[in-house]
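# Architecture at a glance
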Amino acid sequence: MLREMMRIRIAEETLADLYKEQEMRTPTHFSIGQEAVAVGICSALGLDDVAYSGHRCHAHYLAKGGPLAPMVAELYGKQTGTAHGRGGSVHLSAPEVGFIASSAILGQTMAVATGSAWAFTMDGSRRVAACFFGDGAIEEGIFHETLNFASIKRLPVVFVCENNGYSTHTPLDVRQPKGVTIWERARCYQMASKFADGNDVFAVRHAAEEAIDWARSGRGPYFLEFSTYRWREHVGPNWDYEAGYRTKAEVDAWIERCPIKAATARMLAAGVCTEAQVERWRLDIQREVDEAVVAAKAAPFPSVEHLLDGTY
Ligand SMILES: Cc1ncc(C[n+]2csc(CCOP(=O)(O)OP(=O)(O)O)c2C)c(N)n1
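Parameters at a glance
- Residue indices follow the written sequence of each chain, beginning from 1 at its first position.
- The predicted nature of this model means local features are confined to residues of pLDDT at least 70 and side-chain atom pairs, given and counted, to a pLDDT of 80 or more, with totals for whole chains, interfaces and linings taken over all residues.
- Buried, partly exposed and exposed are defined by the number of other C-beta atoms within 10 Å of a residue's own C-beta, namely 20 or more, between the two limits, and 12 or fewer respectively, with C-beta atoms placed from the backbone.
- In this description a helix means any DSSP run of H or I spanning at least four residues, a strand means any run of E spanning at least two, and both kinds are numbered starting from the N terminus.
- A pair of strands is labelled paired if DSSP reports no fewer than 2 bridges between them.
- Classification remark: right-handed applies to a crossover when, strands pointing away from the viewer, the course from the first strand over the helix to the second runs clockwise.
- Throughout this description, a residue near a molecule or strand is one whose C-beta atom, derived from the backbone, lies within 6 Å of it.
- Each residue receives one of three labels: charged for Asp, Glu, Lys and Arg, nonpolar for Ala, Val, Leu, Ile, Met, Phe, Trp, Tyr, Cys and Pro, and polar for the others, Gly being one of them.
- Helix axes are fitted only over the stretch in contact, all axes being lines through C-alpha atoms; the angle between N-to-C directions runs from 0 to 180 degrees.
- Should an angle lie under 35 degrees it is considered roughly parallel, over 145 roughly antiparallel, and from 65 to 115 roughly perpendicular; all remaining angles are considered oblique.
- A crossing counts as left-handed when the near helix is turned anticlockwise from the far one by less than a right angle, and as right-handed when that turn is clockwise.
- By definition, residues are in contact whenever their C-beta atoms, placed on the basis of the backbone, come within 7 Å of each other.

Moving on: the pairing of strand β4 (residues 157-163). Counting buried positions along β4 yields seven of seven residues, so the element is predominantly enclosed. On β4, burial covers both faces: V157, F159, C161 and N163 on one face and V158, V160 and E162 on the other are all buried. Where strand β3 (residues 129-134) and β4 come together, six bridges link them in parallel fashion. Directly across from C131, in β4, lies its bridge partner F159. Taken together, β3, helix α6 (residues 141-152) and β4 constitute a β-α-β crossover, and its handedness is right-handed. Two elements, β4 and strand β8 (residues 222-227), share six bridges in a ladder whose sense is parallel. Pairing of V158 across the sheet is with Y222, part of β8.

Below, the discussion takes up the site of the ligand. Close to the ligand lie 16 residues, the nearest being R56, L106, G134, G136 and S167. Tallied by class, residues from the shell around the ligand come to six nonpolar, seven polar and three charged.

For the pair helix α1 (residues 2-19) and helix α11 (residues 259-270), the least separation of the axes is 10 Å and the interaxial angle reads 150°. If you check the angle between α1 and α11, you find them roughly antiparallel. Once α1 is placed against α11, the crossing between them reads as left-handed. In contact with L2, M5, M6 and R9 of α1, α11 contributes P259, I260, A263, T264 and M267. Here the contact of α1 with α11 is composed, by residue class, of seven nonpolar, one polar and one charged.

Right, let's get into unusual backbone geometry. Even without a glycine there, the phi angle at H84 is positive, about 50°. You can see H84 is positioned in the loop between α4 (68-75) and β2 (99-102). Owing to 18 C-beta atoms within 10 Å, H84 belongs among the partly exposed residues under this scheme. Residue T168 is not a glycine yet carries a positive backbone phi of 55°. Within the element layout of this structure, T168 appears in the loop between β5 (166-167) and β6 (170-171).

Shown next, in the form of structure tokens:
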């Protein structure tokens, strides 16, 4: 899990640096700082289980096993990308590993994941669907319709809310009545729910195992809320200390609580890995990311003759 978090971080930081060259033309939502939720959940899912995401989807795609090179190529708009360069950063997909789709329409994939879970129930299979979304997505009507439907049908779907405190630049406490907590709201639909520290990959993993077992054993849906924090701007590669909607002290306090730093310290203290091993991982991952970038840059753009392929 630590290595996977490092892989996501290094991939995103490398892409954020390269974004300034303006060769990637897709709007890009980085999840630097939020890696523990993606890894804790996806490491507890089986290959046959499926996952869905929204606009901030790189970490979920990679953690579910989506291949790195086609993701990078997609960001460069190339034919070798996951959607042949037509989808960009917010439409990643790798069905072969169960990462079915991501969509920038807030809340949309909650319903689609629930549809997958319904199909699993009809087929009598024991597969589980998981769906990642932010705290902003719970303000869409589809959130309520979907939770209600999933609960009534007792579907094997795990809803994963990454509460990073903001919907674009608007904090949760001015969007919701005082005292509202997201995970408790799921209880309105008689749904099992839990809150945990989203910067502690082990806490996420424990919550994920409980929720996935619950759903797989036919007890119905499960709602998880994790507290976490986005370090960079809402969309784009930059730091946004000057944007005025949050203080530098707030951002810095969350950087101190880096999920990778915390997991590394814990594993070193427990003697289950060494600093040399972590450094070797870092170098190997950086090489993998650099190779994916070189391949993406060298790959062709989709050809004009195929421009309308996949258009209906
Ligand atoms: C239906 C819909 N309404 C509005 C938007 C514009 N929009 C894109 S991202 C975003 C904020 C989402 O916040 P959250 O769900 O908390 O996710 P985060 O960006 O924090 O990861 C909004 C309002 C959208 N994409 N879709």
